[in-house]
Amino acid sequence: MIDRICIIGVGLIGGSFVAGLKQTNQVKTVIGFSRQESHLRKAQEMGIIDEYSLDISQVLKQVQMVIIATPVNSFQAILEMIKPHIDESVIISDVGSTKGSVIQIAKLVFGQMPAKFIPAHPIAGKEKSGIEAVDAQLFNHKRVVLTPTESSDIQTIAILSGLWKELGAKVEIMTDKKHDDLLAMTSHLPHMLAYGLMDYLISNNPYACRYVAGGFKDFSRIASSDALMWRDICINNPKEIVKHIEGYQKTLEKISNLIKNNKAEALEQLFQEAKSARDNWFSS
Ligand SMILES: NC(=O)C1=CN([C@@H]2O[C@H](COP(=O)(O)OP(=O)(O)OC[C@H]3O[C@@H](n4cnc5c(N)ncnc54)[C@H](O)[C@@H]3O)[C@@H](O)[C@H]2O)C=CC1
Ligand SMILES: O=C(O)C(=O)Cc1ccc(O)cc1
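Residues numbered from 1 in each chain as written. Chains lettered and ligands numbered in written order. Predicted model: local features only at pLDDT ≥ 70, side-chain atom pairs only at ≥ 80, totals over all residues. Heavy atoms only, no water.

## Digging into helix H4 (residues 75–82)
Then step 1. Regarding H4, the residues found buried are Phe75, Ile78, Leu79 and Ile82. Burial along H4 is one-sided: seen end-on, the buried residues are contained in an arc of 95 degrees. (Buried < 20%, exposed > 50% of the residue type's maximum accessible area, 1.4 Å probe, protein only. Helix = DSSP H or I, 4+ residues; strand = E, 2+ residues; numbered from the N terminus. Arc of directions from axis to C-beta.)

Spelled out as structure tokens, the structure:
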């Protein structure tokens, strides 16, 4: 059991993580830090954190682990803020949606990647943000990717892995490069498509939303996600996101040409293959 964990950013993901740790008896005391006292007070009332302070030197006293759960553009300022108050025995991790940029920032701030800083990304979430959306079961049966570097401490990887596994997560280890490419395709691209679809509709016909069915609602749900969080993800994984947007544009171009040229059979075949892939992926 960990004696004292500090969570920086007590919102959907940070709150759900520490709520899960408490529920599974993996931590004795959780101490919260955020910019807004009202969020911290609410989190304490909900029993998600035990203590909080707006003074980082107080928050970091005697902690064994610090988890950063804020939008990724804030990471540099946060690492610079915590650096003077922790020594190298403290485990650091995060839940950010991009991983290459987090490693780059950590190297910049600390001079090298600290052996006990293990970057992590739970591939689970919601389009809702904030403490009200916290769910201690959020990571059950979900994948969590760890992206340690060549300087990472093996025992620390095992400790962090163990915490996530106790929450029911399936932990996987990969390079930050592989993570950022894969997630740009499976998570960042779909969010761009959903935001793009909404933008397309409202700029063409703001009344179109009166005529949508369930399919549109399913497809566009993630356009309700937090705008600042997604701004930060784009800024922190630009190359891979643009690469997959451009790849997807080619697929749309292909479909458009099939329609223009009245290629009924080829269209049906493309749809059938896509349907089978989706049916197979989500039937298991
Ligand atoms: N929302 C989702 O579904 C998922 C999000 N993530 C990642 O998790 C991280 C957190 O996202 P959410 O929990 O959804 O956000 P959230 O908005 O629910 O919570 C973020 C919290 O951080 C606080 N905060 C923001 N900037 C801060 C700063 N500079 N210093 C201290 N506190 C600050 C906010 O006040 C808020 O309480 C992001 O990096 C995001 O990319 C990862 C997986 C899923
Ligand atoms: O709401 C959804 O379905 C999501 O896809 C949530 C999500 C958002 C960001 C991540 O890095 C991972 C998961």
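## Some remarks on the site of ligand 2
Then step 1. Within the structure, ligand 2 sits among Ser97, His121, Ala124, Gly125, Lys126, Glu127, His191, Arg221, Ile222, Met229 and Trp230.
Then step 2. Glu127 places a polar main-chain atom, nitrogen or oxygen, 3.5 Å from an oxygen atom of ligand 2.
Then step 3. In isolation ligand 2 offers 340 Å² of accessible surface; the protein chains occlude 83% of this area.
Then step 4. Of the residues contributing to the shell around ligand 2, the split by class is four nonpolar, four polar and three charged.
Then step 5. Two domains share the shell around ligand 2, each providing at least three of its residues, namely domain 1 (2–174) and domain 2 (179–259). (Near = heavy atom within 4 Å. Polar contact = N/O pair within 3.5 Å; in protein donor to acceptor, adjacent residues only side chain to side chain. Areas by Shrake-Rupley, 256 points an atom, 1.4 Å probe, with all protein chains shown as cover. Nonpolar A, V, L, I, M, F, W, Y, C, P; charged D, E, K, R; others polar. Domains from an automatic or database assignment.)

## Considerations on the UniProt feature "coiled-coil region" (unreviewed entry) in the chain
Then step 1. The residues that UniProt annotates with the feature "coiled-coil region" (unreviewed entry) are residues 245–280.
Then step 2. What you have in residues 245–280 is 92% helix and 0% strand, and the ends, taken at the C-alpha atoms, are 25 Å apart. (UniProt positions renumbered as here; feature names shortened; annotations may be inferred.)

## Description of the site of ligand 1
Then step 1. Taken together, 27 residues sit near ligand 1, with Leu12, Ile13, Thr70, Ser97 and Gly130 positioned nearest.
Then step 2. Within the backbone of Ile13, one N or O atom sits 2.8 Å away from an oxygen atom of ligand 1.
Then step 3. Between ligand 1 and Lys126, the relevant distance is 3.1 Å, taken from an oxygen atom to a main-chain nitrogen or oxygen of the residue.
Then step 4. Summarising the interface, the protein chains cover 89% of the accessible area of ligand 1, which totals 830 Å² for the free molecule.
Then step 5. Where the shell around ligand 1 is concerned, the elements lending two or more residues are helix H1 (12–23), strand S7 (120–122) and helix H9 (227–236).
Then step 6. Of the residues contributing to the shell around ligand 1, the split by class is 12 nonpolar, 13 polar and two charged.

## Focus: the side chain of Ser220
Then step 1. Within the secondary structure layout, Ser220 lies in helix H8 (residues 214–220).
Then step 2. Classification of Ser220 as buried rests on a relative accessible area of 10%.

## Description of the environment of Leu79
Then step 1. Mapped onto the fold, Leu79 is located in helix H4.
Then step 2. Considered as a pair, Leu79 and Phe110 are 31 residues apart in the sequence and their alpha carbons are 8.4 Å apart.
Then step 3. Setting aside anything within four residues of it in sequence, one finds Leu79 in contact with Ile68, Ile105, Ala106, Val109, Phe110 and Phe117. (Contact = heavy atoms within 4.5 Å.)

## Things to note about the sheet that holds strand S8 (residues 143–146)
Then step 1. Strands sit in the order S7-S8-S9 across an open sheet of three strands; the sheet is mixed. The strands lining the two open edges of the sheet, one partner per strand, are S7 and strand S9 (170–173). Strand after strand, the sheet turns through a mean of 20 degrees between neighbouring axes, direction not considered.
Then step 2. Looking at chain direction, S7 and S8 are connected through three bridges and run antiparallel. Looking across to S8, one finds that Pro122 is bridged to Val144. (Pairing = 2+ DSSP bridges. Axes fitted to C-alpha atoms, helices over the stretch in contact; angles between N-to-C directions.)

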